[in-house]
Amino acid sequence: MHGRYAVLGWGSLIWDLEILEAHVELPWRMEHGPHLPMEFSRISAKRKMGLAVCLDHEFGQACPTHAVPSRRTEIGAVADDLARRERAPVEMIGAVCHTTGTRDGRAEIVEIIADWCTEHGWTGAVWTDLRSNFTEISGHAFSFDAAGAHLRTLTDEQLEEAVRYITCAPVATDTPLRRTLMQDPWWREAMSRFGFADSAAVIT
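Residues numbered from 1 in each chain as written. Predicted model: local features only at pLDDT ≥ 70, side-chain atom pairs only at ≥ 80, totals over all residues. Heavy atoms only, no water.

Trainee: So what about the sheet that holds strand S4 (residues 61-64)? Which residues, and what values?
Mentor: With antiparallel pairing, the three strands of this open sheet are ordered in space as S3-S2-S4. The open sheet has two free edges, formed respectively by strand S3 (50-55) and S4, since each of these has just one partner strand. Adjacent strand axes in the sheet meet at a mean angle of 50° when their direction is disregarded. By the bridge criterion, four bridges tie strand S2 (residues 35-44) to S4 in an arrangement that is antiparallel. Following the sheet pairing, methionine 38 is matched in S4 by glutamine 61. Relative to S2, helix H2 (residues 107-120) is tilted by about 135°, and along the sheet it contacts S2 and S3. (Pairing = 2+ DSSP bridges. Helix = DSSP H or I, 4+ residues; strand = E, 2+ residues; numbered from the N terminus. Axes fitted to C-alpha atoms, helices over the stretch in contact; angles between N-to-C directions. Contact = heavy atoms within 4.5 Å.)

Trainee: Let's hear about the environment of threonine 102: which residues, and what values?
Mentor: You can see threonine 102 is positioned in the loop between strand S6 (93-97) and strand S7 (103-104). Residue threonine 102 is classed as buried on the basis of its relative accessible area of 19%. Along the backbone, threonine 102 and tyrosine 165 are 63 residues apart, and their C-alpha atoms lie at a distance of 32 Å. Setting aside chain neighbours within four positions, we find threonine 102 in contact with Ile75, Ala95, Val96 and Cys97. (Buried < 20%, exposed > 50% of the residue type's maximum accessible area, 1.4 Å probe, protein only.)

Without other data, these values stay purely geometric and don't point to any function.
Take a look at the structure:
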């Protein structure tokens, strides 16, 4: 089945497509995607145990997402491309396709994205459907204090990656934790130490 498919992003995908770049049509359509609940509540081994943004209905806030058209013409291929970039099983990739009836992912997210596809003329869309694992990995319930305590356990190299990742997230990824960190003198000092004092690396 052929159609017009969007890849949705809200974190590092925006500035670091990696192998996915060959399979999409840049530029990103910033803030064109649906608003989804997100927070930096996932501890990421890929990000050196820093906090990565994920879709989080419990602690997240609805933020705009961003869309880039896929060059693929079948929803399975679009999902496979994103899975390879994320180094994740395809089961962790959400997908909606009006042509095939595909509705993979958490129901509440699928409904939002399916409605958005209909409204904006997309045949379907894919997204990274990773969840918060903060409690599982840290042993503590997620909170601003617990997140800050986790960040303070990171070594210099790990902390630099954590600062880079959170700072480089699109401005629209304006989550409660991100705003809280920006008011924390310790975090601001870390931003300065690693060259992000003026948020110069933020992708807009």
